[in-house]
Structures are given as structure tokens and as C-alpha cells.
Amino acid sequence: MQRRAFTAMGTEVELLLDIEPGEIAERALDRAESEFERFEQLLSRFRADSELSRLNREGRLDDADPDLVHVVGLALAARERTGGRFDPTVHDAVVAAGYDRTFDEMPADRTGPAPSPAACGGSIRVDGRTIELGPGTRLDLGGIAKGYAVDRVAEVLGLAGPCLVNAGGDLAVRGGAWPVGVTSGLTLELSKGAIATSGRDRRRWRSAGAEMHHLIDPSTGSPAAGDLVSVTVVADSATDAEVLAKAAFLGAEVDVPHVLVTADGRTVLAGGLA
Amino acid sequence: MTDTSHRTYAVAIALVVFFLTWAAVAAKPWATPKQDPRLATLAQREARLRADAQLVQQVVDQRLAAYRIALKARKAQIASSQARSLQVAQAAAAPAVRVVNLPPLTITRTS
């Protein structure tokens, strides 16, 4: 088993490739790593020179990279499909909540005025390779971009052999059977598809004395409230799993295998998992 | 008017009457017009072509009806094949997961 770990897209990435060590494995892992770097360069809101940052600054891109166009299209479809629970226009709300730099650079306790909610649901127009945002609309593609990157990298790495690609909890497999820990005491063996987890158990901080986390409820423009701590979803792609996990965390019914962890410590298996 | 003048007029009138009569007789208004054999051939050919066209139309109608039946059957076949493919694709795309008692190779967590 070949393993490589590195940091990309603001999280730890782990690549597992089930082939003999050698040049093929090394080249496949190198290629996978460089793909993550490419996606980060394209889709990160924390890199001032990324295409996404340029789109957020200028409100329009006429010759956007096809991957950016594709991810924005997927995000729009996800917003439609989840009735707005998943929304890529939460950028200003996340920033207003205090998540305005990479999580590693954020102070655990921010002082200053209490954050105020920001409006979500702005308009996005995609026409060919042109992306146009409505006035005041900015995109945060964080989760869905990570899921998309995981799917694409799994395709690349899967050409070399059975593999698992895990970017901070969003993971996809190609070939083989992979035991994946969900909570302590619960392991799912995934032999096809992807898993993603969304929750408020990580990426938390305090702002003006209030507990904040990164999952914004687009209907309020503030970090989501509720009695769930996290939702883990199994789907056919990491992109879908990411979207569905977020939607389920915000109360949507999902018809795929999923695991809910509640604030009182219960773990609920649903969607055909037993 | 002299006798000579009278005679000249009479001769001229006689000549006119003669030529008119000649022209009328030469036209043979009593004779039935003789049919051009080429016209007859043309008419026969037209009739034959009409008959052929009717035959061809019948054959085309029959073939079109058969084609429509075959097309309907083929469309049904394609629809059923597409439905089967969709089922297979959905089954292939569906994630395969089960709960196991194994040590995990990796973990998922809030990303």
C-alpha cells in the first residue's frame, strides 16, 4: 500500500494507492498531488490570485477555466436540488461570521463587535465560459470544490490501481474495499462511491463571545443552529456526498446511506445503513 | 362608266369568289381530322406511366406502413434498452457500503 499525505485546499490530504511501490506509483501520486495544487490555485477563496478570487473581485469572468465553470455549475445545480440549503453564495456570511482567512491563521477567540448575518442567495449566471455574479454576490466553493477535487483526483489515481483519496474527510474510492472510520466505534467499508462529513465539531471559533462555526444556514446568513453535531453521507461521488451532507445537516431529508451524530452523543444510522 | 370598266370589276369579283371557294374547298371542312400517330403513342405512354405510378404508390404505401410498424417496434426496443441501461448505470454508480468491525484505514470527519 502506497501512502502520501500533504496539505492542500486548507486541509490534510491523504492518498492511498494499493499497488506495489515503484515508478508507476510515484508518478501517479505526484500527478494526484499536482492536481490538488491546481484545484487550490483555481478554486480557493483564500488565494488572492485564484480564479475564484478574481471572479469575486470583478463579478464577472469571460474566459473562466472549464473546471471553475463546472464547479459553479454543480454548485448551482446543488442549490436548486437542495432547495437552497446548499448555497455557494454564502461567502459574505462566512466572512461576516469571522472566517475571513485560512482556518490555520484564525485566532480561536476573536474580539470586536458581534458578527451580523449577511444575505445569501445572490444570482449567478453561467454562459459558456462566462460566469457573472449578481451585485454584491461572492462565492465560497470550499466544500464542493474539495469534493470535486477528490472525485477528479480519484479518477486520475484510479488509473494506476485501487485507491482512496481523502481531503479532510471528503473521500472517494476507486476499486478495492476500504474501511473508513466515521465515529469511534463505527467503521464503514466503502468499495464504491464516496463519503463526506459536514458538521460543527471542527472549524469552530468564538467571535465576540459567541460560538461560531463554518456551516452557514443560507436562510439566516448565520452559522446553522440545531441538535446535530455532524452528518456523514455516502454517495456516488464526493461532490454529491458533500452537498448532501451539508443539506442533511441543515435539516434536509436525504435518501442515501448516512450517519447522524447528535448533540446528546447518539449516533444514528439511516438510509439503508445497518 | 364604260363596258370595259364593268368587265374589269366583274372579272375581279369573279377571281375573289373563285379563290374564296378554292380556299373553302381546300380546307376540307367535311373531312375528319387525321390523328397524329405520335400523339397516340404519347397518350399510350402517359396511360402506362399512370398505371406504373399507381403501382409504385401502392408499393410505397405498403412499405411505409411496414416501416412505421417496424419503427414503432424499434422505438419500443430502444426505450426498453435505455431503461435497462439506466438501471445498470444507476446500480453501477450507487455507492457500495457496509458497516464492518475492522480497524479503519482512514477516517472521515468534518472537512
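Residues numbered from 1 in each chain as written. Chains lettered and ligands numbered in written order. Predicted model: local features only at pLDDT ≥ 70, side-chain atom pairs only at ≥ 80, totals over all residues.

## Some remarks on the overall build of chain A
- For chain A, the count of helices and strands is six helices and 17 strands.
- Looking at the 274 residues of chain A, the share that counts as buried comes to 49%.
- Here the contacts in chain A between residues at least 6 apart in sequence split such that 61% fall between residues at least 24 apart. (Helix = DSSP H or I, 4+ residues; strand = E, 2+ residues; numbered from the N terminus. Buried ≥ 20, exposed ≤ 12 C-beta atoms within 10 Å, placed from the backbone. Contact = placed C-beta atoms within 7 Å.)

## Some points on the sheet that holds strand β6 (residues 130-133) of chain A
All names here are of chain A.
- Across the sheet, three strands lie side by side as β3-β6-β5; this open sheet has antiparallel pairing. The sheet is open, and its two borders are formed by β3 (60-61) and β5 (124-127), each paired with just one other strand.
- Two strands pair when backbone bridges link them, and β3 and β6 are joined in this way by two bridges, in the antiparallel orientation. Its bridge partner being in β6, Arg60 is matched across the sheet by Glu132.
- Sitting on the sheet, helix α3 (residues 66-81) is in contact with β5 and β6, with an inclination near 130° to β5. (Pairing = 2+ DSSP bridges. Axes fitted to C-alpha atoms, helices over the stretch in contact; angles between N-to-C directions.)

## Notes on the interface of chain A and chain B
- Across the boundary between the two partners, chain A contributes 42 residues, which contact 18 residues of chain B.
- Taken together, the elements giving at least two residues each to the side of chain A that touches chain B come down to β2 (11-17), α5 (142-158), β7 (163-167), β8 (170-174), β9 (178-183), β10 (186-199) and β15 (228-235) of chain A.
- Among the elements that line the side of chain A that touches chain B, the one with the most residues is β10 of chain A, at 14 residues.
- Here the side of chain A that touches chain B is composed, by residue class, of 19 nonpolar, 14 polar and nine charged.
- Pairing between β9 of chain A and strand β2 (residues 106-107) of chain B: two bridges, direction parallel. Bridged to Val180 of chain A within β2 of chain B is Thr106 of chain B. (Nonpolar A, V, L, I, M, F, W, Y, C, P; charged D, E, K, R; others polar.)

## Quick look at the environment of Ala224 of chain A
All names here are of chain A.
- Mapping Ala224 onto the fold places it in the loop between β14 (222-223) and β15.
- Ala224 gets classed as buried once you count the C-beta atoms within 10 Å, which come to 21.
- If we skip the residues at most four places from it in the chain, Ala224 touches Leu215, Ile216, Asp217, Phe249 and Leu250.

## Focus on α3 of chain A
Residues and elements named next belong to chain A.
- For α3, built from 16 residues, the straight-helix expectation of 22 Å at 1.5 Å per residue is met to within 8% by its first-to-last C-alpha distance of 22 Å.
- Taken as a whole, α3 has its buried residues at Leu68, Val71, Val72, Leu74, Ala75, Ala78 and Arg79. Considered in projection along α3, the buried side chains sweep an arc of 160° and stay on one side of the axis. Across α3 from its buried face, at more than 90 degrees, point the exposed residues Pro66 and Glu80. (Expected span 1.5 Å × (residues − 1). Arc of directions from axis to C-beta.)

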